[in-house]
Amino acid sequence: MTKRTKQILDRLDQMYGTQAICYLNHDNDWQLLIAVILSAQCTDARVNIVTADLFQKYDSLEKFANASLEELEQDIHSIGFYHSKARNIISCCRDLIYRFGGEVPSAMEDLTSLAGVGRKTANVIRGNVFHEPSVVVDTHVKRISNRLGFTKESDPAKIEQDLMKVLPKDHWILYNMQIITFGRNICFARSPKCSECFLRDLCKAEDRKH
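Residues numbered from 1 in each chain as written. Predicted model: local features only at pLDDT ≥ 70, side-chain atom pairs only at ≥ 80, totals over all residues. Heavy atoms only, no water.

Student: Break down helix H10 (residues 156-166) for me, citing the residues and quoting the values.
Tutor: Every buried residue of H10 is listed here: Ile159, Glu160 and Leu163. Looking straight down H10, one finds that the buried residues subtend no more than 105° of arc, so they occupy a single side. Here the buried face of H10 lies against helix H8 (119-128), helix H9 (139-147) and helix H11 (172-185). (Buried < 20%, exposed > 50% of the residue type's maximum accessible area, 1.4 Å probe, protein only. Helix = DSSP H or I, 4+ residues; strand = E, 2+ residues; numbered from the N terminus. Arc of directions from axis to C-beta. Contact = heavy atoms within 4.5 Å.)

Listed below in C-alpha cells is the structure:
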C-alpha cells in the first residue's frame, strides 16, 4: 500500500469510522439478498420504505417463491425496474429453496447463478453475511475511485480487480461503505463540494475545483 493510499484510508477512517454498516434493513440473509436486488438503480432509503411492509407480507422464502407476479409487482411498484425485479425475486427464491436448501450460498459462482444477482450484489452478500473480503463497485465507488486515481477503468469488474490490488483486504468492504457516505455528502457526480473535501489535496480529478 502506498503512502498516498494510506493517507486516503486513514482520513476516511477518521471521518466515517471503521465499523462496517449495512444501510439496508433486514433480519436475515435472504432478506438482505432481496433488499440488494431491489436496490439496483434505487436509493437504500426507498428500498427500506418498501421492505418494511414487504417483509411482513412475505415473511418466508416460500411466500416469495409462490407469490403472484402481478401482486409482487404492485408491492414494489415504487421502486425502479419493478417488473424485472419482481420476476427475479420469485425466481431467486425458488432457486434458494430447491437448489440451495433454503440457504443463501456463499460462493461467487452460486450467488451469480441466481436471478438478479451480479458481482456487485454477490459481493455485498459475501462481505456482509459471510465476512468474506469483497470489493463492492457501485456508482459512488466507480466515480470516486476514478477521481482518486485508484483506477482508470469504467467496467465494474475491472474496477473491482484494480481496487483489490490497491486496497488492503481489511478495507475492501469498509471502503465501499465509507465511499457511499462520502459520495452522498461531498463528492457528488455533478458539482462536488471540492472546497469542503477532506481529500482535496490527495485527489487526482482533473476537473476538481481549487
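Moving on from the model shown.
Student: Explain the side chain of Arg143 to me, and be specific about the residues and the numbers.
Tutor: Here Arg143 shows up in helix H9. Buried Arg143, no salt bridge; nearest opposite-charge side chain is Asp138, N-O distance 7.3 Å. Discounting chain neighbours no more than four positions away, the residues touching Arg143 are Gly183, Cys187, Phe188 and Ala189. (Lys, Arg positive; Asp, Glu negative; His and termini not counted. Salt bridge = Lys/Arg side-chain N within 4 Å of Asp/Glu carboxyl O.)

Student: How would you explain the packing of aromatic side chains if you had to name every residue and give the values?
Tutor: Throughout the structure, instances matching the rule amount to 7 aromatic pairs. Each ring, one from Trp30 and one from Phe55, has its centre 6.3 Å from the other, and the planes form 80°; the classification is edge-to-face. With Trp30 in helix H2 (residues 29-39) and Phe55 in helix H3 (residues 44-57), this pair connects stretches of sequence that are 25 residues apart. Trp30 sits in the buried class, given a relative accessible area of 12%. Relative accessible area serves as the criterion here: at 11%, Phe55 is assigned to the buried category. Taken together, a centroid distance of 4.8 Å and an interplanar angle of 20° make the contact between Tyr58 and Phe64 stacked. (Phe/Tyr/Trp six-rings, centres within 6.5 Å; stacked < 30°, edge-to-face > 60°.)

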